[in-house]
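In case you want the letters, here they are:
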Amino acid sequence: MSVSRSLSPRIGVALIAAFSLAASLRAQAPGRVTGKVTGSDGGAAILGATIQLVGTPFGTITKSDGTYGISLRPGTYSLRIRQIGFTSNTQAITVVSGQTLVRDVRLERTPTNLDAVAVIGTRAAERTVTESPVPVDVFTSVDLKATGRTETAQMIQALAPSFNFPRSAIADGTDASRPATLRGLGADQVLVLVNGKRRHTNALINVNGTVGRGQAAVDLNAIPANMIDRVEILRDGAAAQYGSDAIAGVINIVLKKSAVNEATLQTGVTSSGDGEVRLGNANVGRQFGNGGYLHVGAEARTRGFTDRSSADPRVQYASGDPREQAAGVINHRHGDAQTEDYVGMFTAGMPLKGTMELYAFGGAGRRKAIGPGFARLPNGGNTVPALWPNGFLPLINSTLNDLSLNFGAKGQIRGWDWDASQTLGRNSHNFLISQTNNASFGPASKTALNSGSLIFSQASTNLDLFREFKVDDRAVRLAVGGEFRKDQYEIEAGEPMSYLNGGRDRNGNVVNVPAGAGAQVFPGFRPSDAKNVSRNNRSVYVDVEADLTKWLLVSAAVRNEDYSDFGAQTTAKGAFRIAPVSGFAVRGAVSSGFRAPSLQQSFFTSTATNFIGGVPFDITTFAVNSTPAQLLGSRPLRPETSRNASVGATWEPIKSLVITSDYYDIRIDDRVVLSENFIGDSVRALLGRNGVTGIGGGRYFTNAINTKTTGLDIVANYGFALRNRGFVRLTTGFNQNETKVTKVVQPTPVQLLGLNEALFSRVERGRIERGQPRNNLLASATYEIGKFTWTARTQRFGEVTSFQNTVAQPATGARVRQPPDQTFGAKYITDLSLGLQLRRNTQFVLGADNVFNIFPDRNSDPGDLAAVAPTAAEPRGFAGNYSGNSNFNIFRYNGISPFGFNGRFVYARVNVRF
């Protein structure tokens with residue numbers, strides 16, 4: 001039983017009790033604050049300005065005429081009014097019982113948004129990003145929308161140079177849920193929070209040749225962008241503050257709770273006429289009572305597949321068959337998967353008597369994705385000719401369901417701010433394989449087979465306490481807290497024909513050596529693979545921050561976590577900010593961190609077809625503590641540990657120009673990687689002697705390496721007014737990043753030394769060291785004048801390199817040769833858009849991403865490998881993997897490209913605020 005199912009009765013009781021309590025304790029508001037918010041440029045009313053009572057849950061937004069109203073209990077408050085494109089305004093107010101206070105506010109127009117605030121990185125009240133002792137980026141909903149992208153992860157990639165989101169192709173389940181990385185590290189080495197609460201990861205673990213191989217990431221695209229108020233990226237190690245996984249940094253997604261109601265329609269297509277995107281979303285909110293709120297958003301998005309493959313020059317049919325075409329046929333599909341997304345989220349809050357507030361947020365999403373595998377040829381040994389006389393392109397139909405719910409209460413007691421919460425998350429991934437066959441059943445095979453499901457659930461209970469003290473008129477902020485978390489991982493077996501051996505050849509004859517068993521492209525999870533495992537984790541932390549002087553801020557944090565399967569880990573962090581003169585500050589931090597191996601890495605088991613040197617092998621990923629893995633030399637997994645140091649500066653040389661620069665050094669020991677595929681007769685013989693038969697090879701997860709990552713982040717924001725000719729905003733970001741494998745800590749096991757098998761391959765080393773851009777430059781400019789908004793953005797993605805392993809002739813094994821490594825050069829991708837304000841609340845945008853239709857360098861000619869006569873269905877020299885070079889030029893481009901290979905994308909969008 002999953003975590004969510006087992007807790008559902010208690011959740012229901014807790015929610016009913018909480019909101020019944022809310023109804024009984026809700027008090028009448030004794031005072032009221034009203035007013036109107038206008039702009040300095042002509043005194044026009046401002047729609048959607050945020051009205052917030054600092055340090056309280058109370059807030060609202062302005063209506064279309066700029067007016068607002070909020071009921072409050074008697075007392076003194078700090079009223080803050082904020083709107084994108086204007087300087088925020090904070091005023092002290094006093095609310096008197098039974099009276100209405102009128103407070104009109106005029107906001108000054110500004111070309112920049114330098115006072116963006118973040119709550120990430122501190123337990124204290126939110127602060128501007130330039131006041132933080134560690135580097136933090138903040139991207140608002142306006143920034144996200146201006147990118148023209150339709151997926152949350154793509155939006156962040158277009159704004160943050162240190163964020164990478166490559167677009168894999170022909171990578172099984174990874175095509176349906178692509179991993180993202182921060183600072184060139186692993187997809188599971190960045191912690192994702194929503195409203196400051198830990199977000200669950202995918203059930204899927206990426207086991208194909210992509211960036212993020214061997215890692216389970218958070219699906220950022222399961223969070224609808226139209227419900228995001230802002231994205232905060234903490235670019236620093238923060239495990240001592242937030243727990244496991246926060247080695248590269250933390251991404252905190254803050255949801256809308258008081259925003260303008262709006263709806264958006266967008267459509268677009270690539271210059272090749274495919275990959276059509278259709279998007280519709282809406283979010284609406286309501287303020288009620290004395291500060292209560294409810295905000296709900298939903299989004300529907302469809303994306304057509306893209307294909308940039310070339311004709312297949314291999315022999316398709318038997319010799320003399322008149323159907324053979326000398327020019328070849330296009331039988332593959334290489335590009336984005338076809339997807340349908342339906343997602344929704346909500347946020348809600350209700351103040352109670354005194355300072356207490358109940359709150360809740362969560363969402364649900366469903367994605368259907370169709371990604372292709374490698375084409376099976378008509379004369380292939382695993383093609384049933386009676387079912388597929390012209391061969392077939394197997395399709396992986398993924399269905400992903402994602403659920404999340406967080407509810408809790410917060411308030412004040414005896415000078416302490418407290419927050420108690422319960423977070424639940426569940427992600428499932430089902431695999432239905434269509435256009436396939438189980439060749440070992442011959443013509444009796446089904447052509448659509450359910451290969452099973454992966455499920456991951458997480459439940460976290462948190463209590464956080466915070467208090468600010470005064471010591472000699474200096475503020476000291478203390479936070480303490482604890483967490484109990486339970487993770488649960490399940491593998492559900494597929495239907496029998498998806499994995500069974502039917503004992504026949506592809507024509508249906510009973511033979512001693514049958515054709516390939518299982519669903520082609522993705523054999524089903526077997527009953528022996530099925531499992532339901534769990535673990536728990538307890539943690540406590542202490543976090544202290546103090547203003548030692550007016551110009552010196554210091555902070556320190558210590559956290560202890562105790563896992564039921566890996567034991568205890570203690571991490572610590574110290575940070576400082578020195579501001580000797582106005583407009584300039586130096587900051588830095590040192591910390592230790594860790595990442596506990598995921599349940600997916602510990603227990604994932606599956607058999608899938610991999611093409612190695614042109615030959616298909618059924619490779620089993622063994623659970624690390626299983627007997628077959630131990631036969632191949634596996635050892636129990638250990639947590640990854642890290643040491644992180646950073647130093648930087650913030651500088652405001654002139655008004656409206658802010659520059660930040662931060663250098664970082666990250667050392668990680670015992671990184672978990674997925675081993676090389678162990679194949680060959682000698683490996684099969686080793687396994688066979690110990691009763692493991694029916695597979696072509698195996699692999700497992702292992703703590704194989706230590707790495708060192710160094711880099712530099714530079715961000716500059718500048719804005720200026722052109723008097724009566726509008727406003728200009730300029731943003732530039734640069735990331736220089738280099739990762740090196742400093743040590744292979746787990747060498748190849750002795751039982752494999754004589755079998756010419758390597759535990760950690762040069763391909764995997766290359767993926768870690770050179771598979772992501774070492775540098776990334778981003779520059780954008782926005783010009784607003786009257787009803788028009790022009791946006792131009794260019795992003796330089798640095799070069800990446802695809803490494804190749806030494807391979808042997810599959811037919812004879814007689815000679816060893818190595819296809820060439822290939823470096824793909826840096827490319828500039830430029831986006832342009834024009835926005836037109838049709839009416840006060842309606843905007844139309846026309847734009848083009850990759851306006852100059854730039855593609856990555858093509859895969860190099862296979863050369864010698866292609867010269868090997870392709871007389872078999874899976875010929876010698878056919879790498880059969882999109883990341884390889886030797887593919888007979890079927891795949892023009894490499895999936896390692898950080899910006900994909902779709903070319904120009906043109907779109908139109910209309911947005912209505914109401």
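In this text, all values refer to a predicted model and were calculated from it rather than measured experimentally. (Residues numbered from 1 in each chain as written. Predicted model: local features only at pLDDT ≥ 70, side-chain atom pairs only at ≥ 80, totals over all residues. Heavy atoms only, no water.)

**Describing the overall build of the protein chain**
- A tally of helices and strands in the protein chain yields nine helices and 47 strands.
- Scored against the burial criterion, the 914 residues of the protein chain give a buried share of 59%.
- A separation threshold of at least 6 residues defines the contact pool for the protein chain, and within that pool the share at least 24 residues apart is 71%.
- Summing over all exposed atoms, the protein chain offers an accessible surface of approximately 34,100 Å²; the carbon and sulfur share of this is 56%. (Helix = DSSP H or I, 4+ residues; strand = E, 2+ residues; numbered from the N terminus. Buried < 20%, exposed > 50% of the residue type's maximum accessible area, 1.4 Å probe, protein only. Contact = heavy atoms within 4.5 Å. Areas by Shrake-Rupley, 256 points an atom, 1.4 Å probe, with all protein chains shown as cover.)

**Structural notes on the environment of S897**
- Looking at the secondary structure, you find S897 in the loop between strand 46 (842-849) and strand 47 (905-913).
- Considering only alpha carbons, one finds S897 and E799, 98 residues apart in sequence, at a separation of 8.8 Å.
- If we ignore the near neighbours within four places in the chain, the residues touching S897 are P166, R167 and P856.

**Notes on the pairing of strand 25 (residues 449-471)**
- Taken together, the 17 bridges between strand 24 (residues 416-434) and strand 25 define a ladder with antiparallel strand orientation. Each residue of the ladder has a partner; that of N427, found in strand 25, is F456.
- One ladder, built from 19 bridges, connects strand 25 with strand 26 (residues 474-492); its direction is antiparallel. Bridged to A459 within strand 26 is K486.
- Count of turn residues in the strand 25/strand 26 antiparallel hairpin: two residues, of which D472 carries a positive phi of about 55°. (Pairing = 2+ DSSP bridges.)

**Considering the environment of V315**
- Tracing the chain through its elements places V315 in the loop between strand 20 (292-303) and strand 21 (338-351).
- Along the chain, V315 and G328 lie 13 residues apart, while their C-alpha atoms are 8.0 Å from each other.

**Quick look at the nonpolar core**
- With 35 residues, the main nonpolar core has F163, L220, V231, I233, I251 and I253 as its most contacted residues.
- Listed in part, the 29 residues of the second largest apolar core include L204, F566, V672 and L674. (Core = buried A, V, L, I, M, F, W, Y, C linked by side-chain atoms within 4.5 Å.)

**Thoughts on the pattern of salt bridges**
- Applying the stated criterion to the full structure yields 49 salt bridges.
- The salt bridge involving D402 is made with R199; its shortest N-O contact spans 2.9 Å. Of the two residues, D402 is situated in strand 23 (residues 395-413) and R199 in the loop between strand 15 (197-198) and strand 16 (228-234); the sequence distance between them amounts to 203 residues.
- A cluster of three or more residues bridged by salt bridges with shared partners is formed by D219, E299, R301, D341 and R367. (Salt bridge = Lys/Arg side-chain N within 4 Å of Asp/Glu carboxyl O.)

**Description of the sheet that holds strand 6 (residues 89-95)**
- As summarised here, the arrangement of the four strands in space is 3-2-5-6, forming an open sheet in which the pairing is antiparallel. Strands at the two margins of the open sheet, each flanked by one partner only, are strand 3 (59-61) and strand 6. Looking at each pair of strands side by side, their axes are set apart by 20° on average, direction ignored.
- Note: strand 5 (residues 75-82) against strand 6, seven bridges, orientation antiparallel. The residue of strand 6 that forms the bridge with T76 is T94. (Axes fitted to C-alpha atoms, helices over the stretch in contact; angles between N-to-C directions.)

**Concerning the confidence of the model for the protein chain**
- Residues with a pLDDT of 70 or more make up 88% of the protein chain, whose mean pLDDT is 87.
- In the model, residues 1-29 has pLDDT below 50 throughout and makes 37 contacts with residues more than four positions away in sequence or in other chains.
- Here residues 808-817 is a poorly scored stretch, pLDDT under 50, and it has 22 contacts once near neighbours within four places are set aside; other chains count. (pLDDT = per-residue confidence, 0-100.)

**Description of the sheet that holds strand 17 (residues 249-255)**
- If you trace the five strands from one edge of the open sheet to the other, you get 11-16-17-14-15, paired in mixed fashion. Edge positions in the sheet fall to strand 11 (136-140) and strand 15, since each has one partner strand and no second.
- Summarising the sheet, strand 14 (residues 190-194) and strand 15 pair through two bridges and their orientation is antiparallel. Residue pairing for strand 15: V194 is matched across the bridge by K197.

**Focus on the pairing of strand 46**
- With seven bridges joining them, strand 45 (residues 827-839) and strand 46 adopt antiparallel strand pairing. Counted as the bridge partner of L832 is A848 from strand 46.
- Taking the residues between adjacent antiparallel strands as the criterion, strand 45 and strand 46 are bridged by two residues.
- Relative to strand 47, strand 46 runs antiparallel, the two sharing eight bridges. Looking at the pairing, Q843 lines up with N911 of strand 47.

**Some remarks on the environment of T181**
- Residue placement: T181 occurs in strand 13 (residues 181-182).
- For T181, a relative accessible area of 2% translates into the label buried.
- Separated by 18 residues in the primary sequence, T181 and F163 place their C-alpha atoms 5.8 Å from one another.
- What T181 contacts, discounting residues up to four positions off in sequence, is S162, F163, N164, G186, A187, V211 and Q772.
- Within the structure, the side chain of T181 is placed 2.4 Å from the side chain of Q772, a separation counted as a polar contact. (Polar contact = N/O pair within 3.5 Å; in protein donor to acceptor, adjacent residues only side chain to side chain.)

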